[in-house]
Amino acid sequence: MAKANMRPDKVEMPAQDPKVRARNFDEVTYGYTEEMAVEEASRCLQCKHRPCVEGCPVNVQIPEFIHLITEGDFEGAYQKILETNVLPAVCGRVCPQETQCESRCVRGIKHEPVGIGRLERFVADYHRAHSNPVAAKVESNGHKVAVIGSGPSGLSCAGDLSKLGYEVVIFESLQTGGGVLSYGIPEFRLPKSIVKEEIKQLELDGVKLETNMVVGRILSIDELLHDYGFEAVYVASGAGLPKFLGIAGENGVGVYSANEYLTRTNLMKAYDDNYDTPIRKSKNVAVIGGGNVAMDAARTALRLGAENVYIVYRRSFAEMPARQEEVHHAQEEGIQFLNLNNPVEINLDEHGEVVGMTLIRMELGEPDSSGRRRPEPIPGSQHDIEVDTVIVSLGTDPNPLIKATTPGLDVTNWGGIIVNDEGKTSRDAVYAGGDAVTGAATVISAMGAGKVAAASIDRYIMSKEAEAEAEAN
Ligand code: FAD
Ligand code: SF4
Ligand code: SF4
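So, here is what we can say about the structure in this document. (Residues numbered from 1 in each chain as written. Chains lettered and ligands numbered in written order. Predicted model: local features only at pLDDT ≥ 70, side-chain atom pairs only at ≥ 80, totals over all residues. Heavy atoms only, no water.)

**Overview of the nonpolar core**
Moving on, step 1. Ranked by size, the top nonpolar core spans 85 residues in total, and within it Ile 62 and Phe 65 carry the most contacts.
Moving on, step 2. For this core, the leading source of residues is helix α18 (residues 443-472), giving eight residues.
Moving on, step 3. Of the domains in this structure, domain 1 (18-130) and domain 2 (144-240 + 398-472) are the two that each give at least three residues to this core.
Moving on, step 4. Those residues in contact with Ile 62, other than ones at most four positions away along the chain, are Cys 52, Val 53, Cys 56, Cys 101 and Ile 116.
Moving on, step 5. With 28 residues, the next largest nonpolar core counts Ala 258, Ala 298, Ile 311 and Ile 335 among its residues. (Core = buried A, V, L, I, M, F, W, Y, C linked by side-chain atoms within 4.5 Å. Buried < 20%, exposed > 50% of the residue type's maximum accessible area, 1.4 Å probe, protein only. Helix = DSSP H or I, 4+ residues; strand = E, 2+ residues; numbered from the N terminus. Domains from an automatic or database assignment. Contact = heavy atoms within 4.5 Å.)

**Some points on the sheet that holds strand β12 (residues 373-385)**
Moving on, step 1. Strand order in this open sheet of three strands is β10-β11-β12, and the pairing throughout is antiparallel. With one partner strand each, in any of the chains shown, β10 (341-348) and β12 form the two edges of the open sheet. Taken pair by pair, the neighbouring strands of this sheet meet at an average axis angle of 20°, ignoring direction. (Pairing = 2+ DSSP bridges. Axes fitted to C-alpha atoms, helices over the stretch in contact; angles between N-to-C directions.)

**Some remarks on the packing of helix α4 (residues 62-70) against helix α8 (residues 116-130)**
Moving on, step 1. At a closest axis distance of 11 Å, the pairing of α4 and α8 adopts a crossing angle of 60°. Relative to α8, the element α4 lies oblique. Judged by the twist between their axes, the crossing of α4 over α8 is left-handed. Side by side, α4 and α8 meet where Ile 62, Phe 65, Ile 66 and Ile 69 of the first sit next to Ile 116, Leu 119, Glu 120 and Val 123 of the second. (Parallel < 35°, antiparallel > 145°, perpendicular 65-115°, else oblique. Left-handed = near helix turned anticlockwise from the far one by under 90°.)

**A few points about helix α15 (residues 324-333)**
Moving on, step 1. Within α15 the residues assigned to the buried category are Glu 326, Val 327, His 329, Ala 330 and Glu 333. On an axial view of α15, the arc spanned by its buried residues comes to 160°, and they lie on one face.
Moving on, step 2. For α15, the elements touching its buried residues are α1 (18-21), α14 (292-303) and β9 (336-339).
Moving on, step 3. Gly 334, located one to two residues past α15, shows a positive phi value of around 105°. (Arc of directions from axis to C-beta.)

**With respect to the packing of aromatic side chains**
Moving on, step 1. Under the defined criterion, the tally for this structure stands at eight aromatic pairs.
Moving on, step 2. Residues Phe 25 and Phe 188 carry aromatic rings whose centres are separated by 6.2 Å and whose planes lie at 55° to one another, so their mutual orientation is tilted. Of this pair, Phe 25 sits in the loop between α1 and α2 (34-41) while Phe 188 sits in the loop between α10 (180-183) and α11 (192-204), and the two are 163 residues apart along the sequence.
Moving on, step 3. Judged by relative accessible area, Phe 25 falls into the buried class, the value being 11%.
Moving on, step 4. Centre to centre, the rings of Phe 122 and Tyr 126 are 6.1 Å apart; their planes meet at 45°, and the pair counts as tilted. On the criterion of helical spacing, the pair formed by Phe 122 and Tyr 126 is a turn pair, its members being four residues apart in helix α8.
Moving on, step 5. Residue class for Tyr 126 comes out partly exposed when judged on its relative accessible area of 21%.
Moving on, step 6. Through pairs of rings, three or more aromatic residues link up here, namely Phe 74, Phe 122 and Tyr 126. (Phe/Tyr/Trp six-rings, centres within 6.5 Å; stacked < 30°, edge-to-face > 60°.)

**Things to note about the packing of α2 against α4**
Moving on, step 1. Running from N to C, α2 and α4 cross one another at 130°; their axes reach a closest spacing of 8 Å. Here α2 is positioned oblique relative to α4, judged by the angle of their axes. For the pair α2 and α4, the sense of crossing is left-handed. Side by side, α2 and α4 meet where Ala 37, Val 38 and Ala 41 of the first sit next to Ile 66, Ile 69 and Thr 70 of the second.
Moving on, step 2. Looking at the contact of α2 with α4 residue by residue, the class counts come to five nonpolar, one polar and no charged. (Nonpolar A, V, L, I, M, F, W, Y, C, P; charged D, E, K, R; others polar.)

Treat this as a map of the structure, not an account of what it does.
Structure representation (structure tokens):
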């Protein structure tokens, strides 16, 4: 092995100027060139014990794919990633690598870890630019599985089952596949053309995607199992039900949930004048919350033309759940952070339109059950800000429709589907994973759950087949 390049920091990834990008929807970062990728890959020490792989929920063979990059075999590197990850261009962009693969990288002990995500993105982009999609050749095993939801969890489960020869049909309630990848994460972080192409590859490999199919309304899980010949169902319906604060004024004109605001912009292209999607384009926008979704909503509002965009968060930067990189990008673009502030009321005019918000200042007390210091209001510190749009981004829960239409399906008190270690629910032949089980989490954890369930579904169907054969003999 050639001697590793011991430069302490990652090779920087070129990005659009913050002032320019704050007014357009083009991708913020440009990705590595071939030379940059080889240089970054040469920082990898090819550790024998491979700690980075343990940090990846889908076990991407990290040292192996990075080694292929150092040899200039970019297509080989792509194929190596594809063995365990069906969405590399997506994961290379949106995985929180700093808490996953890169958090385990030994180069990160003293300096910056190897830029595993950036390298994964590079090889996936290289593959797209240099090859035409080719269908995988897999012989059918004659068995059928239904997947509910086409987000990363459903796609990952479908991809793995299709590689094993299953006929897989994904039922998706929206008009487009991809789940949050299509309707939630904005174009400037994850171009939709990439999501479309990764889904197209799965379709080419034989996965069928039925859109505008709301399971629980048009069809039930029991009908899929008993009337349509599916032998198992994987529920990957996500967590799309927004939570609200319950304060006065929340029903006003100009108050959105982050989900609605982002769906209108991403999926229904409200920013593009060629589309007929109404969205409020305001001067002063407040986003309530401190997670990644709040950052996405705030940066979207800026790109829709707002002059002032505020993040209203009741704790401080140190407790903020959003990725540091996203907070940093938001600050660079001019988002204003009103940390240690909590909304008391949304102020409406006589027509019920938002004209402002009353906030109360907070201070941090003792740690609560989450381990973070509890925010407490400072008496008498109410103050008003002038805003004409408020976006509420306080998290989401699973939609109750699947539970309501599937007798015997056990869920938690907040609606998460209960599964065992194999992803199996309380109902026979019904498996579940992703945000529908965990509540809002990450793309890669949802994909990991899809892989676990695919393996379990395969074991279940194969054991039934073996039993049937034994009975016949
Ligand atoms: P989803 O992606 O929610 O997909 C569920 C799908 O099921 C949807 O398409 C839905 O329409 C469909 N569905 C629901 N009910 C039915 C039904 N009854 N019948 C048929 N179809 C149904 N994670 C990261 O790792 N990195 C990030 O940078 C990041 N940014 C995010 C930004 C935003 C704005 C949001 C909202 C989330 C973000 N996340 C991020 C979280 C991540 O996107 C989710 O954890 C992940 O998408 C969950 O995948 P899933 O497949 O379980 O569900
Ligand atoms: Fe890291 Fe995500 Fe790639 Fe796994 S899939 S190696 S966690 S970037
Ligand atoms: Fe390379 Fe870091 Fe993984 Fe070691 S831990 S093999 S240096 S990426």
